[in-house]
Every structure is written in C-alpha cells, then in structure tokens.
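# Remarks on the overall topology
So you can see what is in the structure, the chains are spelled out below.
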4 protein chains.
Amino acid sequence: MFNEEMRSEQPIRWAMVGGGRGSQIGYAHRSSATRDGHFTLVAGAFDIDAERCRDFGTNLGLNPERCYADYQTMFAEEAKREDGIQAVSIATPNSTHYAISKAALESGLHVVCEKPVTFTVAEAEDLKRIAQEHGRIFGVMYGYTGFQMVHQAREMIQRGDIGKVRVISMQFAHGFHSEEVEKDNPGAKWRMNPEVSGPTYVLGDIGTHAFYMAQLMTGLDVERLCCTRQSFIASRAPLEDNAHVMMQFSNGAVGTLWASGVNAGSMHQQKIRIVGEKASIEWWDERPNQLSFEVQGEPARVLERGMGYLHNDDSAVSSDRIGGGHAEGFFESWANLYSRFGTVMKAANRDDQATVAATWFPGIDAGIEGVRLLERCVESADNDAQWVKYYE
Amino acid sequence: MFNEEMRSEQPIRWAMVGGGRGSQIGYAHRSSATRDGHFTLVAGAFDIDAERCRDFGTNLGLNPERCYADYQTMFAEEAKREDGIQAVSIATPNSTHYAISKAALESGLHVVCEKPVTFTVAEAEDLKRIAQEHGRIFGVMYGYTGFQMVHQAREMIQRGDIGKVRVISMQFAHGFHSEEVEKDNPGAKWRMNPEVSGPTYVLGDIGTHAFYMAQLMTGLDVERLCCTRQSFIASRAPLEDNAHVMMQFSNGAVGTLWASGVNAGSMHQQKIRIVGEKASIEWWDERPNQLSFEVQGEPARVLERGMGYLHNDDSAVSSDRIGGGHAEGFFESWANLYSRFGTVMKAANRDDQATVAATWFPGIDAGIEGVRLLERCVESADNDAQWVKYYE
Amino acid sequence: MFNEEMRSEQPIRWAMVGGGRGSQIGYAHRSSATRDGHFTLVAGAFDIDAERCRDFGTNLGLNPERCYADYQTMFAEEAKREDGIQAVSIATPNSTHYAISKAALESGLHVVCEKPVTFTVAEAEDLKRIAQEHGRIFGVMYGYTGFQMVHQAREMIQRGDIGKVRVISMQFAHGFHSEEVEKDNPGAKWRMNPEVSGPTYVLGDIGTHAFYMAQLMTGLDVERLCCTRQSFIASRAPLEDNAHVMMQFSNGAVGTLWASGVNAGSMHQQKIRIVGEKASIEWWDERPNQLSFEVQGEPARVLERGMGYLHNDDSAVSSDRIGGGHAEGFFESWANLYSRFGTVMKAANRDDQATVAATWFPGIDAGIEGVRLLERCVESADNDAQWVKYYE
Amino acid sequence: MFNEEMRSEQPIRWAMVGGGRGSQIGYAHRSSATRDGHFTLVAGAFDIDAERCRDFGTNLGLNPERCYADYQTMFAEEAKREDGIQAVSIATPNSTHYAISKAALESGLHVVCEKPVTFTVAEAEDLKRIAQEHGRIFGVMYGYTGFQMVHQAREMIQRGDIGKVRVISMQFAHGFHSEEVEKDNPGAKWRMNPEVSGPTYVLGDIGTHAFYMAQLMTGLDVERLCCTRQSFIASRAPLEDNAHVMMQFSNGAVGTLWASGVNAGSMHQQKIRIVGEKASIEWWDERPNQLSFEVQGEPARVLERGMGYLHNDDSAVSSDRIGGGHAEGFFESWANLYSRFGTVMKAANRDDQATVAATWFPGIDAGIEGVRLLERCVESADNDAQWVKYYE
Ligand SMILES: NC(=O)c1ccc[n+]([C@@H]2O[C@H](COP(=O)([O-])OP(=O)(O)OC[C@H]3O[C@@H](n4cnc5c(N)ncnc54)[C@H](O)[C@@H]3O)[C@@H](O)[C@H]2O)c1
Ligand SMILES: NC(=O)c1ccc[n+]([C@@H]2O[C@H](COP(=O)([O-])OP(=O)(O)OC[C@H]3O[C@@H](n4cnc5c(N)ncnc54)[C@H](O)[C@@H]3O)[C@@H](O)[C@H]2O)c1
Ligand SMILES: NC(=O)c1ccc[n+]([C@@H]2O[C@H](COP(=O)([O-])OP(=O)(O)OC[C@H]3O[C@@H](n4cnc5c(N)ncnc54)[C@H](O)[C@@H]3O)[C@@H](O)[C@H]2O)c1
Ligand SMILES: NC(=O)c1ccc[n+]([C@@H]2O[C@H](COP(=O)([O-])OP(=O)(O)OC[C@H]3O[C@@H](n4cnc5c(N)ncnc54)[C@H](O)[C@@H]3O)[C@@H](O)[C@H]2O)c1
C-alpha cells in the first residue's frame, strides 16, 4: 500500500516549460507532480505568450517574477537563485523538446519531457549523452506506465506465466479526429503540422504509448517492421491520421500496432494483448484496474488491482493508494510516475546511484525507442510500405 | 473543463481528527483536500495514540507542536493561534463523530465528517442546529457523489429523460468480509462492534452510500420500508453483514437495497439503477466514467464522461479534469467534493450565502437521511422485518 | 458431446394444444421437440379458432383431419387410431392448462405443459396425482433449465464449490411492457387479465422462471416470504407489472426476486446469482454460454460452455452440440429439454422406471413449486406485503 | 418474424458427403438443413469408412441401402431412383471439395459445399462454370452469414449510416491449437497437412470467415495485401497457425486480418469492426445478437436482435425466430442459411430465376473470393511478406 509518509520528504523545486492556460496536458503534470509532495511548483515558462504566462502562473500562486517569458531566461535566472529550480517538466509541442531538454540538462536540471522526446533518434541519443555527462535524470512521460496492472502484467510475463511470447497486439485508436476538428482547435492543429509535430501524427502522438507499453511488458526487441499510413482527412497529409504496423520480434514473435485518430466512436481503445505459448494477458486503458489473464484450457480470469494475489513487489503493489474495488485512474498512474521521478532525482542529488539503478522509471532509453519506432515507420510507409530493418 | 486557476485562491487552514497511520481512509482525505489547493494541512489529532500521531504528522511535514494528543486539545490550542485551523475533517470510527463534530462546530470550525455522521437522528439533527447557530458548513463524506456521471444522471432524471421514476435498485455488496477477517484486522474489527460502529454494520458502512446516491439522483422520499438483516458470521451479531431492504417511495415508486460484506468474490458492486416510465439509468462505481441510458424501444446507450453531449452545467462538466476516454476515478470524485466544500467554506467565511445556497454539496441533511435509514432499518429488521413508516 | 445417433430412435407421435398461428411460443415447441427426432408432429388443436387451426396445421404438413377444432375432440379421435398421438404439449393461455392437462393425462397421454401449470397449488397437486395414476410423464416447460451452464452451476453448488449458500439473488426484469402495449397486442392482453392469466402477471409469466432456476441450482426450500407488487400501468390492476419478493430459506439463506415487465430499456435480465460462503456463481440468460465464478480472494473466472474443465457428467456436457466459443442459445436449451422429455417418455412407455428416475427433467413438482410461489406472493402482497409462511 | 408455415413446403431430398460419426461439423449441417423442413435427409456417403457410414446412417434412420460407400456410388445410384436426391452437402476435408462438388453438379445436384471450396481459384472458377452450365445452385457454408445482425450491419453500411468506409478490422483468433493437440485429434490433424488442408491452415480454416463477413458488410474489393504467417508449433510448417494480413481496398480503405489458432485463452474472437467517416460498427460472434454502433460524438449504442428499430427488410428481420432478449445462436445462423439455400434451390427447380436473383445467399462467387484471399496471402507470405496485387 502506498505510504504517504515516505513520499513526503523535502520536495524538489520544480518548474514547467509549456503546459500553460488551456493546454491539454499541463494540469495533469502539475496535479501529479505535486500530489505526493515530491515536487513543488516554484517557477514556469508556461506559455509561448509571456503575458499569459505571467497571468497564469500568478493565478496558480507563483511569484510573478518567477513566471518567465521563455525557458532560456528561466534557466538562466533560476540558476542564480539560492532556491532556484532543480527540475523541469517540458510539455510543449514536440518540435521544441530537443532544444529545451538540452538547455535544461546543460543548466544542471533534471528533466521530465513529453513524448515523442525528439524528431530523430540521433537527437534523442544526444540527450542521453548530455544527461549522462551532467549526471541528471531524464524521464519521459509515458503516462500509462504508472498503472499497477501494467507492472503486474510485466512481472507475470517475465516470470513465465504465459510462456514464450508469440503475438503482441497493440492498439491506440480513438475517433476524436474523425472530422477535421483541427480547424477550430489549436491543440489539435499543431499535431497535424510536420514542422511542429515531427514526421508523424498518430504514430507519435499515441502509437508510441501502446508500443512502449508492450516493450515494457515483454522486453522484446523489434527486428523488422512494415507500416502503412493514411491521411483520411486529406489536409493532414503528409501526416497520417491512421496507421497499421506489422512487426517481427527478435524471439520470433510477431506484432501489430494500430494507431488511429479516426476510429469513429471509439473513446480510447488503448489495448495491449500479449499472447504466449500458454496464456494471454490483456490490458485496456479504459478499465485500468483490471487485467485479463486467459490460460488456454482454463476459465478466463480477471485480476483486480489491490488484491492479495498480485505480485507483492514494489512496482505492482506499493503504488496502491486505496483498496481493490475502488477505481483508480489516469491521475494515479501519472502520480506514480512522478513519485518514481522524484525518488530517482532525490537519489541522484545525493549521488545514490544504487537507488537510481534499482528504481524503474521511463527514461531516455524508452524515449529513444519511441523515436526509433517513428523513424522506421515513416521509412517503411513512405517507401510503399516495404519492410525495413529496425536496427541498422 | 476543470480550471485549476479558479481553485487556487488562498487555501483553508485545515486539520484532521483520525485518519492516522495505517487508517483506511485518511490518505484519501488528505490527498483530495489538498489536490486543488483549497485546503492546506496544518494540524492534526490523527490518532488515538498521541505518540504515533506526532510521529505521523511530523513525517507528513507538520510542525510537531501542531500534532495533538487529542481533538479537544487541538481545538483549544488552535483557537489561540493567529494562523489556527479554520476547518477540520473527521475520519475516526463512528462512535466519536457526534462529540468531535459538536466540539469542532462550537470551536467555530467548518466540518467535513465521515458517514454515518451519528448513531441517532436526534444527534444528527442536533449537529445541524449547532452548525446553523455557528454559521458553519457541515459536509458529509459521501465520497461517490463527486463523480460527474452521477450528476449527469441526476440532471437527466430531473429534466425528465426517463419519465416518472418507478423502480430504484440500489446495491453495495462486496465480498471482502465473507470470512471472519476482523480477527486480524483492527480496521474491520470496530465495524462489527456496536459500541463503536453504531446500530448497524453494512447498512451504515456502505448501504448509506448507495441509498444517498439514489436520493441525490431522484430526489424522492421513502414512505415506508421493510428490512431483513443477517450475521452470516455469527460472532458479528447483533450487527449484520448482509441486509436487504424493500422501500416504497412517496411518488409510488418502489425500491430495493442490498448491502453486503459477504457477497463472495464481488469487488464492490455499488450499482444504482433508476427505472422510469420511458427509460432507465444505471451507474456502477467500478466503471464510474460511464452511464448506461436505456430508452425502451431504442438501442441502449453508454454515455461517457468528458463528452460534449453531456449536460453542460456546473455539476456535470466543470469538474472534468481530463478529456473523455481517460479514466478518472475515486480520487477525482473525492477531490471534486473537497473542491465543493472549499468553495462553500470560503463563501461562508465572507458571508456569501448566495454561493453557499447555489452550490450543491453533501451536507448535514444528507447525513441525517443516512442515519434515518439506519434507524428505520434496525427498527424493521429487529421487529421480525415488519414494515415501518419512514418519517414519524 | 451431443450424440445425434442416440437420439434418433423411433420418434414419439406428438401433438400440440395451442401454439397456433401468430402465437408467441408455438414455434419454439415445434422446432425444439422435433429437433433431435424424439418427437414427430402428427396432430394438433393449435387454435381457439377451428378454421385457422386446420389451415395452419395443413400448412405445417399435417393431415387435415388431424387438425382438430378442440382438444377434447383431438384426445378422443386420436385415441381411436392405431397411430394416434402418444404425447401432447400444451401452449395455451394459463387458464386452460389444468383442464387440458387433466384431459390429456386421462386419455393416457404424456404431457408437456407450459408454466404456470395451474392457477392453484391444489390443482397442480391434482395433476401430479393423475399423472402418477396413469403412469404418465408430466413435464413443465421451464425453458431455461436446458442450458448446460445452469447444470454446471447446479453441480458446482452441490459439490460444495461455493460453500454453504447465503444469498440468492433472482431477477427476470424486462422493459417490453413499460407502456400499455397490450392495447394492440392480444398475446400481451390476456396476460393482464386475471381470468386468463391467473392471480399474477409478471410473477407467473417470468418470475417463476428465475425462481425455479435458483431452486434447481441450490435445492433449497423457502421458509417465508414477503412480496410487494405494483400495477404501474393502472389498467393492469389487480395484476402486477412489477414485483419484489424477499425470501428466507430453510438453511438460513436469504433471497430476493425481482420480476418486472416495466424495467425500461432492459432486454431480459434474467440473472441468477448464488452467493456462498466461499464464492459466488452468476448466470445470465443473455450470455447463456458463460458462467461467472467468483471465489473470494481470487481473480473472477468466466467458465465457458464446451470446455474440458466443466463437470463431465450427463447434465452439463452431453447436451453440448458444438464446441466452445460458438454461441448456443435459447433453442438448444429447449431442444435439450425436449430431448430429456423424449428420453423419459420412451422409458415410461417401456416401463423402465430406473431411467425415468435417473433422468433429470422439470416435472410436475417443479410446476407445483412455481404455483406455490405465486399463491404465497399474492397472499403477502395483497395483505400489505406482510411476511407469510411458505409451506402451511 | 420467421414464418414456419412458409418454410414447410415439400422438402428437398438431400444427402451429405462427409460429416460422419465423430466429425466436427456434420451435425450442424443435418440439424440446420432439416430444421425448417426445407431438406430431408435421405441418403449419405458420410464417411471414408464404408462400414461406419452404413452403421451411422442407419442409426440416423436412413435406409441402409442409401448409406453409400463413396460419393461416386451415391451419385450414380441415386440418379437411378425416382425419389433420388436433389441436393447434397459436402462436409469432407478440403482436398476433396473440388472433385466431389464437380461430380455432384455433373450429376445434376444442387450443392452446399464447405469452405474453403477448393485449393485454387482456377478450380473454384471451374465449379462456377459447371454450376452455371447445369443450372444448379452452389452454396458455400460461410456459416456466420446467417446471423441477422450481420445483415443489419450490411444494410446500415450500405445506406450510409457510417459514411464512407475507412478501416476494416477483421479477426478470427482462437487459442485451441496453442499446443500440438493434433497429435491426438484426427479432426485437427488433417488441417495441418497441406495435402488435405490445402495451402493454408488458419487462413483458410477461419480467416476466410472473417474476411467474407467484411466483404459482405462493405462490398469492397481488395487492391493489394501483405501477409505474414508463422508456424509456432514447428511441426505445422509449412502451414501457419497464426497469420496477419494488411490490405488496401479499392476505395482507399485499409484493413487488417488476424487469423490464429494460438491466441491462447481466447474462445473465438471472430470480431469484425468497420470504421466509417461518421461511425463504426462492430460485430462479435460470441455475442451474435448484438451490434455495436458507435457514432463519433454520440453515446455508443448497442443494437439488439428482434427490435423494431432494425431495418425491416427480408434479410435482417424475417429470420427472427424469437423475440429480442432471447439468445439466438450459431444454429439459427446456419438454419437461416439452409433456409435460403432451400428457397433458391426450389426456385431453381421451377426455373424461377427472379427469386434466385433476388435472394441473397453465400454462393460460388463468395467461395472464389475466399480462395483468392488464400492464394494471395500465400504468395505474399512465402515471398518474405511482400505486397501483392489482389487481382491480376
Ligand atoms: N503523455 C501523454 O499522455 C500526453 C498527452 C497529451 C499531450 N502530450 C504531449 O505533451 C506535449 C504538449 O501537448 P499539449 O496537447 O498539452 O499541447 P497544447 O497545444 O495543448 O499546449 C502546449 C502548451 O505549450 C506552450 N508552449 C508552446 N511553445 C512554447 C515554448 N516555446 N515555450 C513555452 N511554452 C510553450 C503553449 O502556450 C501551450 O500552453 C506534446 O509533446 C504532446 O505530445 C502527452
Ligand atoms: N466515505 C467513504 O467512502 C469511507 C470509506 C472508509 C471509511 N469511512 C468512514 O471513515 C471513518 C474511519 O474509518 P477508517 O476505515 O479509516 O477507520 P480506521 O480504523 O482504519 O482508522 C481510524 C483512525 O482514527 C483514529 N482514531 C480513533 N479514535 C480517535 C480519536 N478519538 N481521536 C483521534 N483519532 C482517532 C485511529 O487511530 C485511526 O488512525 C469511519 O466513520 C468510516 O465509516 C468512509
Ligand atoms: N416457457 C416460456 O419461456 C414461455 C414463453 C412464452 C409463453 N409461455 C407460456 O406459453 C403459454 C402460451 O403463451 P403464448 O405467449 O404463446 O400465448 P399466445 O396468446 O401468443 O398464443 C396462445 C395460442 O393458444 C391458442 N389457444 C388459446 N386457447 C386455446 C384453446 N382452448 N385450445 C386450443 N388453442 C388455444 C391461441 O389460438 C394461440 O394460438 C402461456 O401459458 C405462457 O405463459 C412460456
Ligand atoms: N463452416 C464452418 O464453420 C466449418 C466448421 C468446421 C469445419 N468446416 C469445414 O468442414 C469440412 C469438414 O471439416 P470437419 O471439421 O467436420 O472434419 P472432420 O475431420 O471432423 O470430419 C470429416 C468427415 O468427412 C469424412 N470423409 C473424409 N473423406 C471423405 C470422403 N472422401 N468421402 C466421404 N466422407 C469423407 C470423414 O470420415 C469424416 O466423417 C472442412 O472443409 C472444414 O473446413 C467448416
């Protein structure tokens, strides 16, 4: 069971870049980072508009002078303060992630960056190098990986409950962009613009989530893949609003990924099904407290969060905030991640590498793999959907 | 959409009585009250054990001298401080609610009290009177009433979407107490002890939730009821671990309530189904983002939180923290309630009665009705399950 | 697995009374009785209208002279024939069941009668006596008791898989009569007329199904009950379109039954949940190939028809007609019952009492219990919903 | 509503080749063909073993001399009889379909043949030509196409309820062959043997069902596809026990097909989802009475068989055998198809081409398309999963 006392040591002084007024995901960051007392918001460059940033930050209770016009100023000014920020979360559109992350790391800050971390693998690997040089933590906001049942799945697979993995079925396919809603919605508009969004839309925006979940659960590497992508709303070209990927994994397993914004009528449909020799495991983000466990030849089982029959280690259980039967949700997953980020940042601060190494969190390697998926998908899709090798 | 800026005015200085280390519901209070910046925890009499209280509160970051040995001391000492507490949440076993609430109100504090608020209707009405005399807010922690889809249901019923209500089916029936788990579990043990729990176990512990949900949705009054209760684990007698109630409502509707701790294998099963002349509405606490809406002669519909087709007023929509498709859960419901408590407490502080009156929250009247249900159920059950009038 | 060869011995010469053109349930009888070759339709008094009966029967391929104007004539004329009928199914409105059944038995015919078999327990017991005197089989068409998963449930309960039964939750509550549809629907109209329907509407029409299912599964006897019934469509009074019953069973278990025709928007909702000390079992007639098995403290399981882990005896498995994963339905349940009726009738014909005794089928005792339920419910409901003893 | 009178004209004299004792699908044919009186079983060459054929057929009530040692004899002998067979159903392993079908047509018989109809498109087209020359009906047993909700989906799509089709998601993926069960199961064994099964296992055995369902619903043509197949149980090579296909359709839609026998723990999982510009439709063979209809921006709806809001034409409604809320299943779907086969065969017998043309049934064209899918999948899969044109 979650222990609020353990998590209440001195909070990390924390800022955000992006996530300003009206943004889609800013509140999720603030609400989750501060939830367990690991982080305290003390500064921000929340907005592309300096005035709105100041107004917004002030309303959130910040010192107006710590509401900055841009991230460069923030990093510079905060570095001068005794009580300057120690970590920053980056929740701006994709095109800016690389530069902001680089600047943050070089200013000695720990970073939590939104996905996709960069446009290219080379950039992402660059960030990895810089983070290492500065001894800073680099977390990537794969927000669904904080769910306890996802870790339960991972552990069951890793201890052999389903046998060798054969088929991986990944899906994140909603219908909210079935029509050209971006005309009136700036938060959607940039996602369709390759200069801001990067080489993909749905693949990067949501496909990377499902892909990383499966990687986390199975630990398998892709060997080659074949991708086809479409712009059903023509104005979205060259970016896709629907994509299908077929994958072959190094152990002989095969996989499919469906990412879509035009799956009309569907709410989310992030579903991950891992089929093994003996059993399958399925997790669905709209029923995140449950895990379907289907052993061939036995009645299907539904595992529930908060129950004694779950694996009793840190990842699956210690983040349990309330008993089984109660619905935990998206925000608990995020808070669990920020709790992990806080734990490793504090450990890094006291140079406790053992704790950093022992604590799972979605880091820059996870970010790199997400970007690699996008590079390969584009390479395949734009080459008439031919198969491409995953690693060079 | 939830607006974190609006909710970030100066927080209320807040304390808890009960909810200490290892308690079941203490974390839920703290996590929810502080979530939106309405409340800041500054003091506590968290525990029956003074030493543990101090250790616990200190670990939470409190000033040790504001970790009190008992609530009397806390109310007295805090009243002397400039920066003393303004509100208190009471999360102790049931037997203490009346005395602590009374003392709090008389010390000029706003109160959030756990359910069931008291052992008797007379006591609950007394609290109502005292709260009025002191002009203090009295909130009752019916924690499921913060879910948006519950308010969506309420509004649909009230605008006539299902027609006149005919049948109300209420259920909160889990299986966690199928065996005599209280032997090793102090949090369960007191619930079976009439001196601490009051005249009922499952009826008060969970039945009141489902009953109040239905009252909230329909606004109907019970006319008479008939209750049968059992102690399937004999050592629990005279308290029941299972109860069934049949009710007749003033408008001619009928209802049933099933409260159970021995519904083996069931996780929660808080389900409320309201059947009207034209349609039915069903809500289930394990899938709280959905509402089933079944119009006779039409395909059944599933309404989803966060969608544009929902009623667009305050209750149903402004508490939306993230778009549809994402799972909100138990803690958002609680945070929504604390947000409402904060809003009305602040309004009361500035003597803004209009806001208090216009803002729905579960108050002492809701608390009184919950206790009345228990009184009547016991009266019926202990009189060979005869029908009893609901109001005298 | 079902063996069509075993079931294809010489069919029983069979007739129907009722179930004529446009009737609700006539096709189900014919389709199921002839499905496995146990019965062959050779005569009928299908209709209250002699002309329509002849036209209908002829269209079905019958010899016109064996399409009779009334059952009296049919029984008399068929008795004279070498190849006369050996069995009859009675699918007329309730008021006629007693007289027709009596006449059939006295003519030496085996009988399958629709439920409720009679208006009174005394009549039903009379039929039992007559059937015994004439050594004839009397089957009652509790059509859901042919489902394999119902027998799986019964056997699991009887071998102790759920422990001692504590709570029985019975429900058959559809919404098709939410409005006064009987105005234009003769098949619904007679159901609301006490002279034809008997002392109840929904209790007898559908409540008896759910009640008998629970009796079959648990084998428990009711000790006392309390019933409240309503006529939400006022013109239906004195018959009810909604009823709730609370029951106490001889072993200390408690139960509830909800029968309704005004559960707006609901399709069927015949659900039976049996809660035991260790686990619960739930069956739902809209997903009849599944059985929910929920052991407290373990992941919930879904058992599926056709799987090797089911009990391997006659009742649960031999009626399996196609492997698991395929949807069997209502008609297989009925055909399974007719298969059982055929088996015992043929056994009775050759005076093989051992087979009759060893073969489960819903017989006159089941019919008597159904009528007793109705008598007691009416006694309670019409006496201000007071508790009444079940057996005198 | 289904009208048993209309369907009871003089039955067609009918035989089976294959489907003998212990076969998987023989009973389904017999039970469905005779269900509505369209067909009467009078002869058979049921088995590869002449003695067992005779014993089996006799037990079914056939004249022993009409239980033939092989189909050649049967066709020859029956042709000599006044009361000889008029139609034959072929339920033998795949390798024999072509020769038996050809012989049957050339003997002047109507044919119902199991899928896949042949090993090659050329053979299937040959059968089409022969059937036309002899003026005989050729039905293919796509057994799921008799479900009413499948036709409801087809009509909704065709009248534009979902808008232009964008994505087609097809799946038939069970787990029954996760282990090498064929070692002890002859019915499974031949399916893994290319000489008997043909060029594929799961693609032909089950993939063709899901593919044809989607074709039926949407009417779209495949333009090109890319397939990868695996033999997770190595001894099954070269035949696959798992396959994924990506497809591009002529109207710009894309599709995926997953066929598997190693989807551990899954019962059937034949799911067809058709995503359009405005809405999606989903049908699942384990809940065949329901259809999910999800309009973007509206609450998801579940349509139910037997309801007045369904399309009121022949295909969707006239095959309704019992009101909504009751579970129809697999056997009703098959009986509906045999009812259609009977209707067109009788029409063909009286040279009523208008009725033949106006009555939908799965015919040889459907069979050809199924085989074409297999040819193309193999061509792609065995060429390193490259894309291949669908039509030459
Ligand atoms: N992890 C998840 O589940 C999840 C969910 C949604 C979005 N995201 C990611 O979060 C990021 C932001 O997405 P969003 O939907 O919130 O976008 P948004 O358009 O809604 O908000 C972007 C915010 O960033 C600010 N901004 C833009 N450029 C800036 C700059 N140079 N400096 C400072 N602020 C700047 C904008 O003013 C705005 O407040 C994206 O990378 C997106 O992929 C992740
Ligand atoms: N709203 C809900 O959903 C919900 C859920 C659980 C519990 N509850 C209610 O909350 C209350 C507490 O339940 P719990 O399960 O957390 O109980 P618990 O036994 O787990 O915890 C009770 C806490 O109160 C402390 N305490 C006891 N007496 C005290 C006193 N006189 N002064 C100060 N502290 C004292 C104990 O030390 C302990 O920390 C009960 O009234 C219960 O009905 C409500
Ligand atoms: N087991 C089940 O699931 C189930 C389902 C539906 C109905 N039923 C029962 O079946 C019986 C018939 O119900 P229904 O809905 O088919 O009724 P219906 O009104 O639709 O049909 C009754 C049929 O009986 C004929 N009939 C009436 N009186 C007759 C007489 N004296 N002699 C011969 N024929 C006569 C009518 O002409 C008509 O054809 C009822 O007892 C009902 O409770 C049972
Ligand atoms: N439409 C469906 O849903 C469905 C389902 C199952 C099988 N099938 C198809 O049905 C066919 C049969 O499959 P099955 O699973 O029943 O096979 P099976 O092996 O269980 O049975 C085959 C039967 O055919 C007989 N047989 C074999 N060769 C014969 C011959 N030359 N002459 C006469 N009889 C012969 C065998 O003795 C046996 O009785 C296959 O083509 C299969 O693809 C279709």
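Residues numbered from 1 in each chain as written. Chains lettered and ligands numbered in written order. Predicted model: local features only at pLDDT ≥ 70, side-chain atom pairs only at ≥ 80, totals over all residues. Heavy atoms only, no water.

Another point: the sheet that holds strand β3 (residues 87–91) of chain D. Residues and elements named next belong to chain D. In space, the five strands of this open sheet follow the order β2-β1-β3-β4-β5, with parallel pairing throughout. The open sheet has two edge strands, β2 (39–45) and β5 (138–140), and neither has a second partner. The mean angle between the axes of side-by-side strands here comes to 25°, regardless of whether they run parallel or antiparallel. In the sheet, β3 pairs with strand β4 (residues 110–113) via four bridges, with the strands oriented parallel. Looking at the pairing, Ser89 lines up with Val112 of β4. Its contacts with the sheet place helix α11 (residues 330–349) against β1 (12–18), β2, β3, β4 and β5, and it is angled at close to 160° to β4. (Pairing = 2+ DSSP bridges. Helix = DSSP H or I, 4+ residues; strand = E, 2+ residues; numbered from the N terminus. Axes fitted to C-alpha atoms, helices over the stretch in contact; angles between N-to-C directions. Contact = heavy atoms within 4.5 Å.)

On to the environment of Leu60 of chain B. All names here are of chain B. By the secondary structure assignment, Leu60 is in the loop between α2 (50–59) and α3 (71–80). Its relative accessible area of 17% is what places Leu60 among the buried residues. Linking Leu60 and Val42, residues 18 residues apart in sequence, is a C-alpha distance of 9.9 Å. (Buried < 20%, exposed > 50% of the residue type's maximum accessible area, 1.4 Å probe, protein only.)

Residue and element names in this part refer to chain A. Split into domains, chain A comes out as domain 1 (6–144 + 338–363) and domain 2 (147–319 + 370–381). Taking only C-alpha atoms into account, the centre of domain 1 sits 26 Å from that of domain 2. Contact residues are listed per partner, giving 20 residues for domain 1 and 32 residues for domain 2. Taken as a group, Tyr142, Tyr144 and Trp360 account for 38% of the area that domain 1 buries against domain 2, more than any other trio of residues on that side. Joining domain 1 to domain 2, the criterion identifies two salt bridges. Here Glu125 ties to Arg372 by a salt bridge, and the two come within 3.9 Å at their closest N and O atoms. Counting every contact that joins domain 1 to domain 2 gives five residue pairs in polar contact (both at pLDDT 80 or more). Its residues assigned to classes, the side of domain 1 that touches domain 2 comprises 10 nonpolar, six polar and four charged. (Domains from an automatic or database assignment. Buried area = accessible area lost by both parts, 1.4 Å probe. Salt bridge = Lys/Arg side-chain N within 4 Å of Asp/Glu carboxyl O. Polar contact = N/O pair within 3.5 Å; in protein donor to acceptor, adjacent residues only side chain to side chain. Nonpolar A, V, L, I, M, F, W, Y, C, P; charged D, E, K, R; others polar.)

Turning next to the UniProt feature "domain: Gfo/Idh/MocA-like oxidoreductase N-terminal" (unreviewed entry) in chain A. Here the UniProt feature "domain: Gfo/Idh/MocA-like oxidoreductase N-terminal" (unreviewed entry) sits at residues 12–141 of chain A. For the annotated span residues 12–141 of chain A, helix accounts for 40% and strand for 20% of the residues, and the straight-line distance between the end C-alpha atoms is 18 Å. (UniProt positions renumbered as here; feature names shortened; annotations may be inferred.)

Here the focus is the site of ligand 2. All names here are of chain B. Around ligand 2, the structure places 25 residues, and the nearest of them are Gln24, Asn94, His97, Glu114 and Trp190. Within the contact set of ligand 2, a nitrogen atom lies 3.1 Å away from a side-chain nitrogen or oxygen of Glu114. Between ligand 2 and Arg191 there is a distance of 2.9 Å, counted from an oxygen atom to a side-chain nitrogen or oxygen. Relative to its free-state accessible area of 850 Å², ligand 2 is covered by the protein chains to the extent of 89%. Split by residue class, the shell around ligand 2 holds 10 nonpolar, 10 polar and five charged. Mapping the shell around ligand 2 onto the domain boundaries places at least three of its residues in each of domain 1 (6–144 + 339–362) and domain 2 (147–320 + 370–381). (Near = heavy atom within 4 Å. Areas by Shrake-Rupley, 256 points an atom, 1.4 Å probe, with all protein chains shown as cover.)

So, on to the interface of chain A and chain D. The partner chain D presents 39 residues to the 39 residues of chain A that form the contact. Here chain A meets chain D over a buried area of about 3100 Å², counting both sides, of which 56% is carbon and sulfur. When the buried area of chain A at its contact with chain D is split by residue, Arg166, Met246 and Gln296 of chain A rank highest and sum to 20% of it. Joining chain A to chain D, the criterion identifies two salt bridges. Asp384 of chain A serves as the salt-bridge partner of Arg224 of chain D, at 3.1 Å between the closest nitrogen and oxygen. At the surface where chain A touches chain D, the tally comes to 17 residue pairs in polar contact (both at pLDDT 80 or more). Counting residues per element, the ones that place at least two in the side of chain A that touches chain D are β6 (165–173), β7 (222–230), β8 (242–249), β9 (254–260), β10 (270–276), β11 (279–284) and β12 (290–295) of chain A. Among the elements that line the side of chain A that touches chain D, the one with the most residues is β8 of chain A, at five residues. The class makeup of the residues in the side of chain A that touches chain D is 16 nonpolar, 16 polar and seven charged.

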